[in-house]
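Residue strings, one per chain:
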Amino acid sequence: MRLRLFRVLLTLSSLSRPAATFQTTLRAPTTARTFKSMSFLSALFGSSASASNNTMPSSTTYPDQRTADEWRAVLSPEQFRILREKGTERASTGAYDKHSPTPGGIYHCAGCSAPLYQAQHKFASGCGWPAYFDSIPGAVERHEDRTHGMLRTEIVCANCGGHLGHVFKGEGYPTPTDERHCVNSVSLRFAEPEEGKGNEEGAGEGKA
Ligand SMILES: [Zn+2]
C-alpha cells in the first residue's frame, strides 16, 4: 500500500511537476508528510546499505538506532572503538578515573547523552576505571559476556547500546549495593548540576 503510493509519487515527480503542484494534487497534507519521511528513510537506508562494514551485531534494538557510519561521524576514533566496538581504555588513564564530581552532577553517555550515573553513585574503587555502585534506574542494560574465556556482565547504555564496561558483584566494597560498575571514562561525559537543568527529564528525576 505505502509502496504503491511511493510509486505513484515517483511517477508524479518523474513527470517533473513542481513539488507544490503534486502536493496540491494529492490534497492530503498527511500524504505529503509521509512522502517527506519516506524519502528521509530511503536516504538513511541507502547510506546504511552502502556501509557493509557494520561491526555492531544487530540482535538488540535500542531507541537510538544510528548506524556505524553515523556514529563514526560524531564520535572520536577512541570513542567509536570503545562505545561501538566494545573496547577498553587502558587502566588508570581515563579522565574520570580519579574524578571527584560536583554533587548533583550527572555522568551522561558520551554517545547519545542519555543520563547514566549520578555523582553520588561514584566511589573510589582503586581499580583504574571510574566505579559506580548504582546507576540511574533503567539507564543501563546488562548482557552476559563470555569473551576472553571469562563470564562477565557487560553494561551498555539502554538508549543507544553503547558499551560502557562491566559490572561486578560481591567484591566486598562498603557500598549500599556491593556492586561495581566498572566504566570506561571515554564512554562518559560529566555534566555539572547547572548544565543538566531544564533540558533533560531523566536527569531531574534521578536527583532525588
Ligand atoms: Zn547512549
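Residues numbered from 1 in each chain as written. Predicted model: local features only at pLDDT ≥ 70, side-chain atom pairs only at ≥ 80, totals over all residues.

Draft legend 1. Layout of the sheet that holds strand S6 (residues 152-157). Here we have 6 strands laid out as an open sheet, ordered S3-S4-S8-S7-S6-S5, and antiparallel in their pairing. Each end of this open sheet is capped by a strand with a single partner; those strands are strand S3 (122-123) and strand S5 (140-145). (Pairing = 2+ DSSP bridges. Helix = DSSP H or I, 4+ residues; strand = E, 2+ residues; numbered from the N terminus.)

Draft legend 2. Representation of the sheet that holds strand S9 (residues 188-191) in the model. Strand order in the open sheet formed by 3 strands is S2-S1-S9, and the pairing between neighbours is antiparallel. Strands with a single pairing partner mark the edges of an open sheet, and in this sheet they are strand S2 (115-118) and S9. The average undirected angle you get between the axes of adjacent strands in this sheet is 30°. In this sheet, S9 lies alongside strand S1 (residues 106-109) in antiparallel orientation, the contact comprising 4 bridges. If you follow His108 over to S9, its bridge partner there is Arg189. (Axes fitted to C-alpha atoms, helices over the stretch in contact; angles between N-to-C directions.)

Draft legend 3. Broad picture of the pairing of strand S8 (residues 179-183). Taking burial as the measure, the 5 residues of S8 include 4 buried ones, the bulk of the element. Bridge analysis of strand S4 (residues 131-132) against S8 gives 2 bridges, and the strand direction is antiparallel. Bridge pairing links Ala131 to Cys182 in S8. As paired elements, strand S7 (residues 163-169) and S8 share 5 bridges and run antiparallel to each other. (Buried ≥ 20, exposed ≤ 12 C-beta atoms within 10 Å, placed from the backbone.)

Draft legend 4. Fine view of the nonpolar core. Ranked by size, the top nonpolar core spans 31 residues in total, and within it Leu116, Val140 and Cys157 carry the most contacts. Elements with a contribution of two residues or more to this core: helix H5 (77-84), S1, S2, S4, S6, S7, S8 and S9. The residues touching Cys157, leaving out its near neighbours within four places in the chain, are Cys109, Gly111, Cys112, Ala114, Leu116, Val140, Gly162 and Leu164. (Core = buried A, V, L, I, M, F, W, Y, C linked by C-beta atoms within 7 Å. Contact = placed C-beta atoms within 7 Å.)

Draft legend 5. Spotlight on the environment of Glu194. Structurally, Glu194 can be placed in helix H6 (residues 193-196). In sequence terms Glu194 and Gly104 are 90 residues apart; their C-alpha atoms lie 8.8 Å from each other.

Draft legend 6. Representation of the environment of Leu116. Mapped onto the elements of the fold, Leu116 is located in strand S2. Using a count of 29 C-beta atoms within 10 Å as the deciding quantity, one classes Leu116 as buried. Distance from Leu116 to Leu188, taken between C-alpha atoms, is 8.5 Å for residues 72 residues apart in sequence. Ignoring anything within four residues of it in the chain, the contact list for Leu116 reads Tyr107, His108, Cys109, Ser135, Ile136, Ala139, Val140 and Cys157.

Draft legend 7. Representation of H5 in the model. For H5, the complete set of buried residues consists of Gln79, Phe80, Ile82, Leu83 and Arg84. Against helix H4 (68-74) and S7 lie the buried residues of H5.

Draft legend 8. Expanded view of the pairing of S7. The element S7 is extensively covered by neighbouring structure, given that 5 of its 7 residues are classed as buried. Counting the residues in the hairpin turn of S6 and S7 gives 5 residues, including Gly161, whose phi is positive at 75°.

Draft legend 9. Structural view of unusual backbone geometry. Its identity is not glycine, yet Ser92 carries a phi of approximately 60°, on the positive side. Relative to the helices and strands, Ser92 is located in the loop between H5 and S1. Phi at His148 takes a positive value of approximately 60°, unusual for a residue other than glycine. By the secondary structure assignment, His148 is in the loop between S5 and S6.

Draft legend 10. Expanded view of the confidence of the model for the chain. Looking at the chain, the pLDDT average stands at 77 and 65% of residues meet or exceed 70. Scored below 50 in pLDDT, residues 1-58 shows 21 contacts in the model against residues more than four places distant or in partner chains. Within the model, pLDDT remains below 50 along residues 200-208, and this stretch shows 11 contacts once partners closer than five positions in the same chain are excluded. (pLDDT = per-residue confidence, 0-100.)

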